[in-house]
Amino acid sequence: MGFLVDSQRDGGGDGGYGMFGCCVRTLVRRKQVDSVHTKPERSHQKLAKNLTIPHLVAIGVGSTIGAGVYILVGTVAREHSGPALALSFLIAGIASAFSAFCYAELASRCPSAGSAYHYSYICVGEGVAWLIGWALILEYTIGGSAVARGISPNLAMLFGSADSLPFFMARQQIPGLGIIVDPCAAILVLIVTGLLCVGIKESTIAQAIVTTANVLAMLFVIIAGSYLGFKTGWSGYELPTGYFPFGVNGMLAGSATVFFAFIGFDAVASTAEEVKNPQRDLPLGIGTALSICCALYMLVSIVIVGLVPYYEMDPDTPISSAFASHGMHWASYVITIGAVTALCSTLMGSILPQPRILMAMARDGLLPPFFSDVNKTTQVPVKSTIVTGIVAAALAFFMDVSALAGMVSVGTLLAFTMVAISVLILRYVPPDEVPVPSTLQSSIDSVSSQFSQSSLSISGKSLVDDVGTLRETEPLLAKRGGAVSYPLIKQVQDILNEENRRTVAGWTIMFTCIGVFVLTYAASDLSLPRLLRLTLCGIGGALLLCGLIVLTSINQDEARHNFGHAGGFMCPFVPLLPIACILINVYLLINLGSATWARVSVWLIIGVLVYVFYGRTHSSLLDAVYVPAARVDEIYRSSRDSLPATHVDGTYCRSQDTLLA
């Protein structure tokens, strides 16, 4: 008896669920962690493994520290935090570290291009992964364009005035259309695109140089500002209002604002496939980059708030005006250089991940294969990089995308949320079946026949009868053993029963996420009646608390130790840390505003249409056969043994490529 093919074509194998069941199974089908058993990549399809810890730190710091910090300190200090600005950055840094821990585990276990899209596809399913990838495309496109538009004004300040730039680089208004074009922004995007096409190592070195200049400018602010502070007595801290003029709530509100200053370390995860030792280097690179950013933010905040009382800060140029108030007008040139270099490094960090997202989606068949092509010489996705650069340059040239900046946050926060959920799934209900090509059906049948019915039976059901059914493609809510209708009210001894553990864990993760959404929505929507708000907060809080208790009480799946590439970083304090990460990110998502969500919804609807009419029918999992993970090695070994002995040389390799393609 062979394993059943889980094919979506012609509605095959719907297990009696009809068209609806077929659609659901399409959305929840999950791919295998990249390994030696996946499609063998020829040399020109591989990305160059050139990155080490210093490269990753340069990418992380350069992508995170933008010019916003040179403005953000004044705005947040005046409106929210006051002298407690450094504490706001510290709390925001700790909150972002929750996401960094989750990224570090998944990046080391699943070191392939695609970042959050890749992890979602492995742990959750194709439908969610597509939406995450589509949202990340929007994030990096608009983010890169917005950063590029901010460079020309800072360059103009460096040369004296807005009219100091050469004519071909200065902003011009098109008569009759009211459109202000920015040639400088478009030129810089194209230069960065060309640099990224040269090679990952070369572009990373260039980013490291630019980032170093930015860090040196921040160190100048810290050292020179500290000298002025000790000389003048730190007047900014000697205020009658105290250290918390807006209270603890104001400091926390400031943390929510500056949280977005830590976004960027996820760019490190997007280069996972190009890291020499991903299990060691990726966690260290992400952690070191985030620590450096947090330390610099806090030190700059401590110094600037101490030089000038928070209520006297210039909201537009807080650092330059602080130095000018002490007679150091020339310092504005150093600060402007820092802002320009910060924008340039952030621009590189914004464009770098998107071609790799496109490449990963094209590899999986969800986008045309054009985007998956890797240049033989440079070993980077040149075609995807060029397309990304052209689109970003066009947006930067014609549009003022600052009004769309909120849409960047949606993609980031959605990715952070899904990465945290993926960690919970990996720990409690990791995929126990993996897809293999349908061309291996004969090998699957051969392996199946080698084992007795008893050895292939789980919970009294034949494994070969289950594979390819709805149960196997929907493992989060899978039914293994007896049904558990209401897992949250079961006795502790039943919850700890291994036979029901996966089912209990799957439902608990789902209800915990629902509780997070209900709690954060009710807490954020002040227009709701008071009684309804309190009721919803109580329901959401109860679901969240019960989920945390249940997940803490039950054992994590033993398969987590062997999932993906073992031996890498393990996220601590599971399930508390991922749940806290989900709570923080969902709260920030809900508070982005209705206008931002309306714009994002249009983009996501377009993405759904693209998936329905192209991605769904071209997915590499369209005719996949889901087999037990424990039998994968034997199946591939059987497929190799079944090939003719005369094909052991290059012909054999070509045959195997064809077999697994």
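Preceding block: the structure.
Quick caveat, the model's predicted, so the values are computed rather than measured.

**So, the overall build of the protein chain**
Counting its secondary structure elements, the protein chain contains 27 helices and six strands. Classification of the 661 residues of the protein chain by burial places 54% in the buried group. Within the protein chain, contacts between residues separated by at least 24 positions form 83% of all contacts whose residues are at least 6 apart in sequence. When the accessible surface of the protein chain is totalled, it reaches about 26,900 Å², and 66% of it is carbon and sulfur.

**Here's the deal with helix H2 (residues 53-64)**
Relative to the 16 Å expected for twelve residues at 1.5 Å per residue, H2 spans 16 Å between its end C-alpha atoms, a close match to the ideal helical length. Of all twelve residues in H2, ten are buried; the element is thus mostly enclosed. The inward-facing, buried residues of H2 contact helix H9 (200-232), helix H11 (266-270), helix H12 (278-307) and helix H14 (331-351).

**What about the packing of helix H3 (residues 69-81) against helix H4 (residues 85-109)?**
Running from amino to carboxyl end, H3 crosses H4 at an angle of 100°, the nearest separation of the two axes being 10 Å. Classified by the interaxial angle, the pair formed by H3 and H4 is roughly perpendicular. Where H3 approaches H4, its residues Val73, Val76, Ala77 and Ser81 are matched on the opposing element by Leu85, Ser88 and Phe89. Class assignment for the residues of the contact of H3 with H4 results in five nonpolar, two polar and no charged.

**Observations regarding the packing of H3 against helix H10 (residues 247-258)**
At a minimum axis distance of 9 Å, the contact between H3 and H10 shows a crossing angle of 150°. The pairing of H3 with H10 is recorded here as roughly antiparallel in orientation. Of the two possible hands of crossing, H3 and H10 adopt the one that is right-handed. In this structure, H3 contributes Leu72, Val76, His80 and Ser81 to the contact, and H10 contributes Gly250, Met251, Ala253, Gly254, Thr257 and Val258.

**Notes on the pairing of strand S3 (residues 433-436)**
Here is the key point about a regular strand: its side chains alternate between the two faces of the sheet. Both faces of S3 are covered, namely the face carrying Glu433 and Pro435 and the face carrying Val434 and Val436. The sheet contact formed by S3 and strand S6 (residues 625-628) spans four bridges and is antiparallel. Looking across to S6, one finds that Glu433 is bridged to Pro628.

Calculation rules
Residues numbered from 1 in each chain as written. Predicted model: local features only at pLDDT ≥ 70, side-chain atom pairs only at ≥ 80, totals over all residues. Heavy atoms only, no water. Helix = DSSP H or I, 4+ residues; strand = E, 2+ residues; numbered from the N terminus. Buried < 20%, exposed > 50% of the residue type's maximum accessible area, 1.4 Å probe, protein only. Contact = heavy atoms within 4.5 Å. Areas by Shrake-Rupley, 256 points an atom, 1.4 Å probe, with all protein chains shown as cover. Expected span 1.5 Å × (residues − 1). Axes fitted to C-alpha atoms, helices over the stretch in contact; angles between N-to-C directions. Parallel < 35°, antiparallel > 145°, perpendicular 65-115°, else oblique. Nonpolar A, V, L, I, M, F, W, Y, C, P; charged D, E, K, R; others polar. Left-handed = near helix turned anticlockwise from the far one by under 90°. Pairing = 2+ DSSP bridges.

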